[in-house]
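Spelled out, the chains give:
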Amino acid sequence: MPLRTDRVEEILEGAKHKRKILTSPEGVPLDIRVANHGERLVAFLLDMTFQIAAIVCILLVIFFLIRSHMRALVGLTIALFVAFLVRNLYFLHFELAWQGRTPGKRICNLRVVNRSGGELSPSAVVARNLTREIEVFLPLSLFLSLDAEAGGWQQLTMLGWALAITSIPFFNREHLRAGDLIGGTQVISMPK
């Protein structure tokens, strides 16, 4: 019989997190909490901060190693390539090596799991993270690269695309973004 404090805690926890029953590969039903929008946003912003710091450090090393033999265009090309690699390999590496966690998710106590309860496969991690390029980075870079002379319709279209794709988690119960839908994954809050 549940205690009164258990019921109060359950009611208060239910206001913050949606709960879901996930069946493990062994057939054990697990009561999990779906990560909310705020937790996911904080984890993503932390990961972006770590990525920017890594990119800056790598670029400084490259700059000091080849500064006398490098033209500006070559330096810009190298900088963009390094930023692309770090941006894409960061999430892939950490979610594969740390069983569905990045440093930002680890700090926020989140984890990526397979939605059907199976093992988190490398193909699911790759699918969810390559989709992030289309969801976040491509619309953002296109929007930021538009000059003042570009037509208002162009800017409005880019902003609409970015808003439509990034708002997908607000229109489903489990807060799944497009990458989660394609990869068959979900971000959950780890129990304390």
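Note that this is a predicted model, so its numbers are computed, not measured. (Residues numbered from 1 in each chain as written. Predicted model: local features only at pLDDT ≥ 70, side-chain atom pairs only at ≥ 80, totals over all residues. Heavy atoms only, no water.)

Draft legend 1. Inspection of the overall build of the protein at higher detail. The helix and strand inventory of the protein stands at seven helices and four strands. Counting only residues that meet the buried cut, the protein has 36% of its 192 residues in that class. Within the protein, contacts between residues separated by at least 24 positions form 63% of all contacts whose residues are at least 6 apart in sequence. As displayed, the protein has an accessible area near 12200 Å², and 69% of this comes from carbon and sulfur atoms. (Helix = DSSP H or I, 4+ residues; strand = E, 2+ residues; numbered from the N terminus. Buried < 20%, exposed > 50% of the residue type's maximum accessible area, 1.4 Å probe, protein only. Contact = heavy atoms within 4.5 Å. Areas by Shrake-Rupley, 256 points an atom, 1.4 Å probe, with all protein chains shown as cover.)

Draft legend 2. Focus on the confidence of the model for the protein. Mean pLDDT over the protein stands at 81; residues scoring 70 or higher make up 85%. Ranking the elements of the protein by mean pLDDT puts helix α1 (residues 4-16) last with 53 and helix α4 (residues 103-108) first with 94. (pLDDT = per-residue confidence, 0-100.)

Draft legend 3. Quick look at the environment of Leu 92. Relative to the helices and strands, Leu 92 resides in helix α3 (residues 72-97). Each C-alpha atom, one on Leu 92 and one on Leu 130, is 8.7 Å from the other, the two residues being 38 residues apart in sequence. Beyond its immediate sequence surroundings of up to four residues, Leu 92 is in contact with Val 125, Val 126 and Asn 129.

Draft legend 4. Fine view of the sheet that holds strand β3 (residues 110-114). Strand order in the open sheet formed by four strands is β1-β2-β4-β3, with antiparallel pairing between adjacent strands. Lying at the two open borders of the sheet, with one neighbouring strand each, are β1 (18-23) and β3. Geometrically, the sheet is characterised by an average inter-axis angle of 50° between neighbouring strands, direction not taken into account. Summarising the sheet, β1 and strand β2 (residues 29-34) pair through six bridges and their orientation is antiparallel. Pairing of Leu 22 across the sheet is with Leu 30, part of β2. (Pairing = 2+ DSSP bridges. Axes fitted to C-alpha atoms, helices over the stretch in contact; angles between N-to-C directions.)

Draft legend 5. The arrangement of the layout of surface pockets in detail. The computed volume of the largest pocket comes to approximately 560 Å³. Along its surface, the largest pocket is lined by 22 residues, and Arg 40, Leu 41, Phe 44, Pro 169 and Arg 177 are the ones closest to its centre. Every element with two or more residues in the lining of the largest pocket is listed here: α2 (37-66), α5 (122-145) and α6 (152-166). It is α2 that provides the largest number of residues to the lining of the largest pocket, a total of eight residues. Class assignment of the residues belonging to the lining of the largest pocket gives a composition of eleven nonpolar, four polar and seven charged. By volume, the second largest pocket is sized at about 360 Å³. Residue lining of the second largest pocket: 19 residues in total, with Arg 111, Val 112, Val 113, Asn 114 and Gly 118 positioned closest to the centre. Looking at the lining of the second largest pocket, the elements with two or more residues in it are β2, α3 and β3. Sort the elements by how many residues they give to the lining of the second largest pocket and β3 lands first, with four residues. Split into classes, the residues belonging to the lining of the second largest pocket amount to ten nonpolar, six polar and three charged. (1 Å grid on protein atoms, 1.4 Å probe; cavity = no way out; pocket = protein on both sides within 12 Å on 5 of 7 lines; lining within 4 Å. Points joined across faces, edges and corners; volume = space filled by probe spheres on them. Nonpolar A, V, L, I, M, F, W, Y, C, P; charged D, E, K, R; others polar.)

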